[in-house]
Each structure stands twice: as structure tokens, then as C-alpha cells.
Amino acid sequence: MTKPMYKQFRSPQGWYSFLFPATWEHMVVEEIPAFFHPNGGGALQVYAFESKQEDFNVDQELENYLKIHEIDYDAENVAVFENNEGSSIRACEFLKEDRVWMVYMVANHTRMLLVTYNSDEEVGDELFQQLTNIISSVRFLN
């Protein structure tokens with residue numbers, strides 16, 4: 001079995017990077033990078049934030065994001081982990097208006113990424129693993 005091939009994305013500001021499947025395409029629309037499989041029904045979007053004053057509270061940020069989208073926050077439905085770079089990661093999924101949403105918060109001190117994947121198709125095992133690999137590969141630079 002051959003390993004999947006990945007491409008590296010580096011933010012235009014140069015302060016984060018991650019790997020994404022080589023079979024996916026990407027574009028930047030209004031300064032928001034979007035990644036997608038050309039034959040898929042969903043897109044991964046990446047929003048970057050930097051705090052000038054204090055470290056991000058990733059749990060609070062996820063709760064705030066869900067509240068904005070009228071989704072009840074339930075800590076039992078949130079996956080909590082850390083990647084090899086020491087970034088705190090929270091992940092959850094929900095269904096809204098017949099679309100599947102995967103939401104990831106990746107924070108390392110004063111920098112944070114909000115990464116969303118939404119699709120009108122169910123997220124199967126292969127896609128779930130690809131999304132997990134992308135999120136796990138996030139690196140904050142400098």
C-alpha cells in the first residue's frame with residue numbers, strides 16, 4: 001500500500017503551515033484559503049487569528065463559534081487533543097440545514113486557526129482521516 005502524497009500550504013503571512021492531500025485543489029477567496037477535492041461535495045476553509053494581548057482559550061473560542069451558529073456547546077461531544085507541535089486542538093461536528101460541519105480550533109498561545117469543513121455529503125472514513133491528518137500537521141511558524 002502506498003502512502004498518500006501531500007502538498008504543503010504556507011499562509012500568505014508566513015506564520016502557519018500544514019499539509020493537505022495532493023489530489024485536492026486550493027484557492028484563496030477574500031483572503032480565506034479553501035481546500036477541496038475536485039470531485040467532492042465539501043470544502044475546508046481556514047481562518048487565522050492572532051491576539052496581541054493574551055493566549056487563546058480554545059474551549060471558549062469553540063463555544064463562542066458554536067453559539068454564533070446557534071449550536072449548543074456540549075463538552076462531551078468535543079474531541080480534545082494536542083498535535084506534535086504542542087498546539088491545543090478541539091474538534092466537533094454537527095448537522096445544520098442538511099450540511100455536515102466539522103469544526104476545528106487549533107491554538108498555540110497567541111495564534112489560533114479556526115478550520116471548518118462543510119459538505120452536503122456524509123464524511124466517510126477516508127475523508128475523516130484526511131481531515132485529521134491536515135489538522136494534526138498544523139505548525140505555527142516563528
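In the annotation of an unreviewed UniProt entry, the entry for the chain reads DUF3805 domain-containing protein, and the organism field reads Leptospira bandrabouensis.

Strands sit in the order 1-2-10 across an open sheet of 3 strands; the sheet is antiparallel. Each edge of the open sheet carries a strand with a single partner, namely strand 1 (6–10) and strand 10 (139–140). Pairing geometry for strand 2 (residues 16–21) and strand 10, over 2 bridges, is antiparallel. Along strand 10, the bridge assignment pairs tyrosine 16 with phenylalanine 140. The strands touched by helix 2 (residues 125–136) are strand 1 and strand 2; relative to strand 2, the strand with the most contacts, the crossing angle is about 160°.

This part covers the pattern of salt bridges. One pass over the full model with this rule turns up 4 salt bridges. Between arginine 111 and glutamate 50 there is a salt bridge; the shortest N-O distance is 3.1 Å. Here arginine 111, found in strand 9 (residues 111–119), pairs with glutamate 50, found in strand 5 (residues 42–50); they are 61 residues apart in sequence, far enough to count as distant. Owing to a relative accessible area of 15%, arginine 111 belongs among the buried residues under this scheme.

The buried fraction of strand 8 (residues 99–108) amounts to 9 of the 10 residues, a majority that puts the element mostly inside the structure. Counting the residues between successive antiparallel strands, the hairpin from strand 7 (residues 88–96) to strand 8 contains 2 residues, one of them, glutamate 97, with a positive phi of roughly 50°. Pairing of strand 8 with strand 9, which is carried by 9 bridges, proceeds in the antiparallel orientation. Residue pairing in the sheet places valine 106 in a bridge with leucine 113 of strand 9. Here strand 8 folds back onto strand 9 in antiparallel fashion, the turn holding 2 residues, of which histidine 109 has a positive phi close to 60°.

In this structure, histidine 37 sits in the loop between strand 4 (32–36) and strand 5. Distance in space between the C-alpha atoms of histidine 37 and threonine 23 is 6.6 Å, their sequence separation being 14 residues. If sequence neighbours within four positions are ignored, histidine 37 has contacts with Thr23 and Trp24. Of note is the side chain of histidine 37, whose polar atom sits 3.0 Å from the backbone nitrogen of asparagine 39.

Okay, the nonpolar core next. Core analysis: the biggest nonpolar cluster contains 25 residues, and Tyr16, Phe18, Trp24, Phe35, Leu44, Leu113 and Leu131 have the highest contact counts within it. If you list the elements that add at least two residues to this core, you get strand 2, strand 5, strand 7, strand 8, strand 9 and helix 2. Not counting the four nearest positions on each side in its chain, leucine 113 is found in contact with Tyr16, Val46, Tyr47, Ala48, Tyr104, Met105, Val106, Val138 and Phe140. Within the second largest apolar cluster, 14 residues are counted, among which are Val58, Phe94, Trp101 and Met105.

So, on to the sheet that holds strand 6 (residues 79–82). Overall, antiparallel pairing links the 7 strands, which are arranged 3-4-5-9-8-7-6 in an open sheet. Strand pairing shows two members of the sheet lacking a second neighbour, strand 3 (25–29) and strand 6, which therefore form its edges. Neighbouring strand axes in the sheet, compared pairwise and without regard to direction, differ in orientation by 20° on average. As paired elements, strand 4 and strand 5 share 2 bridges and run antiparallel to each other. Looking at the pairing, phenylalanine 35 lines up with leucine 44 of strand 5. Docked against the sheet, helix 1 (residues 58–68) engages strand 7, strand 8 and strand 9, running at close to 150° with respect to strand 8. On top of the sheet, helix 2 reaches strand 5, strand 6, strand 7, strand 8 and strand 9; it is set at about 20° to strand 8, its chief contact.

Thresholds applied
- Along each chain, the written sequence defines residue order, and numbers are assigned to residues from 1.
- Residues qualify for local features only when their pLDDT is at least 70, as the model is predicted, and side-chain atom pairs are given and counted only at 80 or more; totals for whole chains, interfaces and linings, by contrast, use all residues.
- For side-chain calculations, the full set of non-hydrogen atoms in the structure is used, while hydrogens and water are omitted.
- Pairing between strands is defined by DSSP: at least two bridges between them are needed.
- Numbered from the N terminus, helices here are DSSP runs of H or I no shorter than four residues, and strands are runs of E no shorter than two.
- Contact definition: two residues touch when any of their heavy atoms are within 4.5 Å.
- Angles here are taken between N-to-C directions and fall from 0 to 180 degrees, while the axes themselves are lines fitted to C-alpha atoms, restricted in helices to the stretch in contact.
- In what follows, salt bridge is the name for a side-chain nitrogen of Lys or Arg lying within 4 Å of a carboxyl oxygen of Asp or Glu.
- Throughout this description, buried means an accessible area under 20% of the type-specific maximum (1.4 Å probe, protein chains only), exposed means over 50%, and partly exposed covers the range between.
- Here a polar contact is recorded for every N or O atom pair within 3.5 Å, except that within protein the pair must consist of a potential hydrogen donor and a potential acceptor, and residues adjacent in sequence are included only if both atoms are side-chain atoms.
- Buried Ala, Val, Leu, Ile, Met, Phe, Trp, Tyr and Cys residues that are joined via side-chain atoms within 4.5 Å together make up what is termed a nonpolar core.

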